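# Working through the structure, step by step
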Amino acid sequence: MNTQEMTAKEYLSQAYRIDQRINSKLEQVQSLRNLAEKASAALGETPNSGTRNFHRMEDVICKMIDLEDEINADLNRLIDLKHEIVTIIRCVEAPDLQTILELRYLCFNTWAEISVALHLDIRWVHRLHNKALNEVDAIRHLRP
């Protein structure tokens, strides 16, 4: 979907989704590392092991490298997107609205955490959030 066609909430939520993908891939890399450690331990214990286990270990290492490359690409995209989001949030006039957007879409805080941090009723935080999203929509439609 074109970013101009997204709602403000969908646009701002992209960073969270990329962050989740990165975390998932990091878990996959760790799982592959654990597998590689088990395989290398097994290779060390078995005398005169064949090349079959070596190739399996090589495959695991290649998959780890591929995943790490994907993670780096995702990290670069996340950094670029967060920079875009910060630029848009800075265009929102009210500092309290900026803070809510930053806490939600850059720090990935929950509504309860935002409510506590700002010492505001959670319903009021939701109202302010809706107001902030309307401003973000207006800002995004004005930008080329």
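For the structure itself, consult the block above.
Residues numbered from 1 in each chain as written. Predicted model: local features only at pLDDT ≥ 70, side-chain atom pairs only at ≥ 80, totals over all residues. Heavy atoms only, no water.

## A few points about the side chain of D19
The criterion, for reference: Only DSSP runs of H or I reaching four residues or more are called helices, and only runs of E reaching two or more are called strands; each is numbered from the N terminus. Burial classes follow relative accessibility: with a 1.4 Å probe on protein chains only, a residue under 20% of its type's maximum area counts as buried, one over 50% as exposed, and anything between as partly exposed. The positive count covers Lys and Arg only, the negative count covers Asp and Glu only, and His and the chain ends enter neither. In the sections that follow, a salt bridge refers to a side-chain nitrogen of Lys or Arg positioned within 4 Å of a carboxyl oxygen of Asp or Glu. We call two residues in contact when some of their heavy atoms are within 4.5 Å.
Along the polypeptide, D19 turns up in helix 1 (residues 8–45). For the buried D19, which has no salt bridge, the nearest side chain bearing the opposite charge is K82, at an N-O separation of 5.8 Å. Non-local contacts of D19, meaning those with residues more than four positions away in its chain, are made with L78 and F108.

## What about unusual backbone geometry?
In the Ramachandran plot, F108 falls in the positive-phi region, its phi being about 60° despite a non-glycine side chain. Locating F108 in the fold gives a position in the loop between helix 3 (95–105) and helix 4 (111–118). Phi at H119 takes a positive value of approximately 55°, unusual for a residue other than glycine. Take H119: it is sitting in the loop between helix 4 and helix 5 (122–142).

## Description of helix 5
Quick reminder of the rule: The span you would expect from a helix comes to 1.5 Å times its residue count less one. The arc in question is formed by the directions pointing from the helix axis toward the C-beta atoms.
Over its 21 residues, helix 5 extends 30 Å from the first C-alpha to the last, a length consistent with the 30 Å expected when each residue adds 1.5 Å. Within helix 5, burial applies to V125, L128, H129, A132, L133, V136, I139 and R140. Axial view of helix 5: buried residues confined to an arc of 150°, hence all on one face. Opposite the buried face of helix 5, at more than 90 degrees from it, the exposed residues are R123, R127, N134, H141 and L142.

## Points about the nonpolar core
Keep this limit in mind: Nonpolar cores are built from buried Ala, Val, Leu, Ile, Met, Phe, Trp, Tyr and Cys residues. Side-chain atoms within 4.5 Å join them into one set.
Core analysis: the biggest nonpolar cluster contains 35 residues, and Y11, L12, I85, L101 and V136 have the highest contact counts within it. Put simply, the parts of the chain that give this core at least two residues each are helix 1, helix 2 (51–91), helix 3, helix 4 and helix 5.

## With respect to the side chain of R140
Relative to the assigned elements, R140 resides in helix 5. Buried R140, no salt bridge; nearest opposite-charge side chain is D137, N-O distance 4.0 Å.

## Some details on the pattern of salt bridges
Across all of its chains, the model carries 5 salt bridges by this definition. For K25, the salt bridge identified is with D74, shortest N-O distance 2.7 Å. With K25 in helix 1 and D74 in helix 2, this residue pair connects regions lying 49 residues apart in the sequence. Side by side, K25 and D74 carry an identical accessibility label, which is buried.

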